[in-house]
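For reference, the chains in residue letters:
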Amino acid sequence: MGSNSDTQDQIREIAWMHYIGGLTQAQIATRRGLSKMKVHRFVQAAHEQGLVKIFVNNVPTNCMDLESRLIEHYGLSSCTIVPDVNELQTMDISMSAVASAGARFLHGRLENTDQMILGIGSGRTMSAIVKAMPAIKRKKAEFISVTGDFAALSDANPFEVIHALINKTEGKGYAFTAPLIVDSEADRNLFLRQRSIRESFDRLRDASMIMIGVGHVGPGSFFRSFGLITDAEQGEMIRQGVAADLAGNLIDDTGAFIDSGIAKRMLGMERDLMHDREIVAVCAGIEKWQAARAALRSGLLNGFISSFSVAQRILDAE
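Now for a description of the structure that goes with this document.

**Observations regarding the pairing of strand β5 (residues 209–213)**
So, step 1. Of all the five residues making up β5, five are buried; the element is thus mostly covered by neighbouring parts of the structure.
So, step 2. Sheet topology note: the strand β2 (residues 116–120)/β5 ladder contains three bridges and is parallel. In the strand pairing of β5, Ile 120 is matched with Met 211.
So, step 3. Note that β5 and strand β8 (residues 278–282) share five bridges and pair parallel.

This is how it looks when you write it as structure tokens:
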């Protein structure tokens with residue numbers, strides 16, 4: 001999608017939120033991760049283009065209602081829920097719309113020209129977000145992978161996600177020179193003592209925002225798709241009650257960290273960093289709804305981007 005049509009979509013959405021949803025421009029700026037000035041410009045553009053009347057009839061109020069409920073229930077500051085595009089909301093089907101919303105959010109943050117450091121997750125969702133984001137020259141921006149790498153040659157690999165961001169922004173990037181899952185706890189401790197890895201973790205301490213996908217356990221999961229774990233290890237994770245992977249950290253259904261088994265062999269973001277950073281999670285696919293609910297229950301998320309069916313399922317099950 002070209003940046004012009006993307007901007008036009010955003011003008012319509014923001015006009016609707018303001019005139020029909022009743023949100024102030026400041027509230028919209030917070031919810032969508034945009035500057036107040038940009039929201040003001042979009043509202044003005046909607047006026048000038050005479051879009052408001054057309055837009056009222058075409059945009060679903062139910063998405064905004066779900067956003068408000070998620071913000072209230074989980075203490076979020078930003079939330080974007082996109083309409084479903086098909087009855088069957090699998091990851092493959094909903095990815096395009098959800099990734100587009102994630103790309104807009106990330107692009108909105110990058111419009112700030114100050115020096116900034118952003119922590120970036122890996123996986124298929126983050127790869128799709130970076131592909132969907134228009135180019136924006138930000139030489140002062142730094143992108144740091146929040147997890148270890150994996151061997152599969154794929155766009156979803158942390159190194160490739162960071163590399164794609166550098167190409168789009170001309171910024172700097174840093175990826176961990178270590179696997180996401182190592183063979184033993186001793187190996188993990190050895191990797192964590194490596195200077196290059198320590199430096200990456202230290203850089204993350206200055207990150208203003210972390211954007212990540214949500215990993216689930218089961219058929220079609222990130223772990224199995226890229227051969228990161230065996231069937232036996234997947235069985236072990238299910239027995240342990242692993243509900244989700246957040247930036248290389250395993251959590252259970254209540255959102256609590258899991259400390260045993262594979263969790264001891266994963267090179268993910270340090271937990272203390274996860275408590276005092278803005279973390280925005282992006283989730284595509286109804287098969288991930290329980291993982292997304294666990295992520296929301298953890299209290300670690302400040303922002304959440306997903307589709308109508310996922311949001312509805314999460315709220316219905318609470």
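Having put the structure on the table, let's press on.
**Examining the pairing of β2**
So, step 1. Of all the five residues making up β2, five are buried; the element is thus mostly covered by neighbouring parts of the structure.
So, step 2. Here β2 shows two buried faces, one formed by Met 116, Leu 118 and Ile 120 and the other by Ile 117 and Gly 119.

**Topic: the environment of Leu 204**
So, step 1. The topology assignment puts Leu 204 in helix α10 (residues 195–204).
So, step 2. In the structure, Leu 204 is positioned 107 residues away from Ala 311 in sequence and 29 Å away in space, judged by C-alpha atoms.
So, step 3. If sequence neighbours within four positions are ignored, Leu 204 has contacts with Gly 119, Ile 144, Ser 145, Val 146, Ile 210, Met 269, Leu 273 and Arg 277.

**Some details on the sheet that holds strand β1 (residues 78–82)**
So, step 1. Here seven strands make up an open sheet; going across it, the order is β1-β9-β8-β5-β2-β3-β4 and the pairing parallel. The open sheet terminates on both sides in strands that have one partner only, identified here as β1 and β4 (172–174). Here the average twist between neighbouring strands, direction ignored, is 15°.
So, step 2. Sitting on the sheet, helix α8 (residues 158–169) is in contact with β2, β3 (141–145) and β4, with an inclination near 170° to β3.
So, step 3. Lying over the sheet, α10 contacts β2, β3, β4 and β5, oriented at roughly 125° with respect to β3.

**Concerning the packing of helix α5 (residues 61–74) against helix α15 (residues 308–317)**
So, step 1. Viewed as axis vectors pointing N to C, α5 and α15 meet at an angle of 45°, and their least axial separation amounts to 10 Å. In terms of axis orientation, α5 runs oblique to α15. As α5 runs across α15, the sense of the crossing is left-handed. Contact residues: Asn 62, Cys 63, Leu 66, Arg 69, Leu 70 and Tyr 74 in α5; Phe 308, Ala 311, Gln 312, Ile 314 and Leu 315 in α15.
So, step 2. When the residues that make up the contact of α5 with α15 are grouped by side-chain class, the tally is eight nonpolar, two polar and one charged.

**Quick word on the side chain of Arg 265**
So, step 1. Residue placement: Arg 265 occurs in the loop between β7 (249–251) and α13 (271–275).
So, step 2. Arg 265 sits in the buried class, given a relative accessible area of 16%.
So, step 3. A distance of 2.8 Å separates the side chain of Arg 265 from the backbone oxygen of Val 182, its partner in a polar contact.
So, step 4. Of the polar contacts made by the side chain of Arg 265, one reaches the side chain of Glu 233; its length is 2.8 Å.
So, step 5. If sequence neighbours within four positions are ignored, Arg 265 has contacts with Leu 180, Ile 181, Val 182, Asp 183, Ser 184, Glu 185, Arg 188 and Glu 233.

Rules behind the numbers
- Residues numbered from 1 in each chain as written.
- Predicted model: local features only at pLDDT ≥ 70, side-chain atom pairs only at ≥ 80, totals over all residues.
- Heavy atoms only, no water.
- Buried < 20%, exposed > 50% of the residue type's maximum accessible area, 1.4 Å probe, protein only.
- Helix = DSSP H or I, 4+ residues; strand = E, 2+ residues; numbered from the N terminus.
- Pairing = 2+ DSSP bridges.
- Contact = heavy atoms within 4.5 Å.
- Axes fitted to C-alpha atoms, helices over the stretch in contact; angles between N-to-C directions.
- Parallel < 35°, antiparallel > 145°, perpendicular 65-115°, else oblique.
- Left-handed = near helix turned anticlockwise from the far one by under 90°.
- Nonpolar A, V, L, I, M, F, W, Y, C, P; charged D, E, K, R; others polar.
- Polar contact = N/O pair within 3.5 Å; in protein donor to acceptor, adjacent residues only side chain to side chain.

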